[in-house]
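# Structural characterization, general
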Amino acid sequence: MNKIAIIGLSLLILLQGTNIHLKDLVELGQLIEHYQFHNEEYGDNFMVFVSKHYGELKASHNEKHQEEQKDHEKLPFQHQQAPCAQQLVFVLGTDSFMYSSAIIPRPSKGNFHYQMSYSLVWGDNPFQPPRNA
């Protein structure tokens, strides 16, 4: 049962990442049916069909064949590719946030000193402490 759930979630993430919706998968039958129509009517192979509906020839094909517009709207992968940007803003309290005058202390001197360790960790191994030049 866990494997089925993992495979299902993985496929869901894959399909959403490539912007394929469930509606597109349901409409694949319409794609095959419309391709068969183009193959019989115009003699188009699959690459020409894809170019006419999703590629370079899309604009000219739509202009020439206005009567097929309803069939074209039923084809999958016709949704717009909108950029997906999301911005989150958290404002906790406007009074304390906007009018606060916080003083940030600056350290005058570093509080660091080095003391030689006499443990065996620092032997002739590759882990050596830094040395003054």
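Residues numbered from 1 in each chain as written. Predicted model: local features only at pLDDT ≥ 70, side-chain atom pairs only at ≥ 80, totals over all residues. Heavy atoms only, no water.

Moving on, we come to the overall build of the chain. In terms of helices and strands, the chain carries 7 helices and 0 strands. Ordering the α and β elements of the chain from the N terminus gives α-α-α-α-α-α-α. Looking at the chain as a whole, 13% of its 133 residues are labelled buried. Considering only intrachain contacts with a sequence separation of at least 6, the fraction spanning at least 24 residues in the chain is 40%. For the chain, the exposed surface amounts to about 12,600 Å²; the carbon and sulfur share of it is 60%. (Helix = DSSP H or I, 4+ residues; strand = E, 2+ residues; numbered from the N terminus. Buried < 20%, exposed > 50% of the residue type's maximum accessible area, 1.4 Å probe, protein only. Contact = heavy atoms within 4.5 Å. Areas by Shrake-Rupley, 256 points an atom, 1.4 Å probe, with all protein chains shown as cover.)

A few words on the pattern of salt bridges. With the rule as written, the count across this model stands at 1 salt bridge. For aspartate 44, the salt bridge identified is with lysine 52, shortest N-O distance 2.8 Å. (Salt bridge = Lys/Arg side-chain N within 4 Å of Asp/Glu carboxyl O.)

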